[in-house]
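A look at the structure
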Amino acid sequence: MFKYLFAMVIPVCIFVYTLSFMRWAGRKSGPVASISAGALAVISLLVSGATLWRVLT
């Protein structure tokens, strides 16, 4: 379990960075860009988590 949590550090950092981009895109381009970036952030975190869970456990 500790290996999984340690391995998830990078995907969580990417998730936080993408959420920051989501806020920026919402101000500059509008709600469609913001929703798209948010969906991408959630999907990438879920896929990374599932893949690492499968590999490490």
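As the structure is a prediction and not an experimental result, all values here were calculated from the model. (Residues numbered from 1 in each chain as written. Predicted model: local features only at pLDDT ≥ 70, side-chain atom pairs only at ≥ 80, totals over all residues. Heavy atoms only, no water.)

Structurally, the position occupied by Thr18 is in helix α2 (residues 9–28). The buried category is assigned to Thr18, whose relative accessible area is 13%. For Thr18, the contacting residues outside a window of four places in its chain are Ala37 and Ala41. (Helix = DSSP H or I, 4+ residues; strand = E, 2+ residues; numbered from the N terminus. Buried < 20%, exposed > 50% of the residue type's maximum accessible area, 1.4 Å probe, protein only. Contact = heavy atoms within 4.5 Å.)

What follows covers the packing of aromatic side chains. Each aromatic ring pair is characterised by the separation of its centres together with the angle its planes make. Counted according to the given criterion, the structure contains three aromatic pairs. Ring geometry for Phe2 versus Phe6: centroids 6.5 Å apart, planes at 20°, classification stacked. Here Phe6 and Phe2 lie together in helix α1 (residues 2–7), a separation of four residues that amounts to about one turn. Note on Tyr4 and Trp53: the rings are 5.0 Å apart at their centroids and 90° apart in plane angle, and the pair reads as edge-to-face. Within this pair, whereas Tyr4 is found in helix α1, its partner Trp53 is found in helix α3 (residues 31–56), the two being separated by 49 residues in sequence. Under the relative-accessibility criterion, Trp53 is labelled partly exposed at 41%. (Phe/Tyr/Trp six-rings, centres within 6.5 Å; stacked < 30°, edge-to-face > 60°.)

This part is about a nonpolar patch on the surface. A cluster of nonpolar side chains, contributed by Phe2, Phe6, Val9, Ile10 and Ile14, occupies part of the molecular surface with about 590 Å² of accessible area. Listed by contribution, the elements that provide at least two residues to the nonpolar patch are α1 and α2. (Patch = residues over 30% accessible without salt bridge, like charges linked within 9 Å, V, L, I, M, F, W, Y side chains within 5 Å. Areas by Shrake-Rupley, 256 points an atom, 1.4 Å probe, with all protein chains shown as cover. Salt bridge = Lys/Arg side-chain N within 4 Å of Asp/Glu carboxyl O.)

Let us look at the environment of Leu19. Summarising the element assignment, Leu19 is placed in helix α2. Assessed through its relative accessible area of 27%, Leu19 is described here as partly exposed. In the structure, Leu19 is positioned 15 residues away from Ser34 in sequence and 8.9 Å away in space, judged by C-alpha atoms.

Running from N to C, α2 and α3 point in directions that differ by 175°, and their axes come no closer than 8 Å. The angle between α2 and α3 falls in the class roughly antiparallel. Taking contact as the criterion, the partners of Pro11, Val12, Phe15, Thr18, Leu19, Phe21, Met22, Ala25 and Gly26 in α2 are, on α3, Ala33, Ser34, Ala37, Gly38, Ala41, Val42, Leu45, Ser48 and Leu52. When the residues that make up the contact of α2 with α3 are grouped by side-chain class, the tally is 13 nonpolar, five polar and no charged. (Axes fitted to C-alpha atoms, helices over the stretch in contact; angles between N-to-C directions. Parallel < 35°, antiparallel > 145°, perpendicular 65-115°, else oblique. Nonpolar A, V, L, I, M, F, W, Y, C, P; charged D, E, K, R; others polar.)

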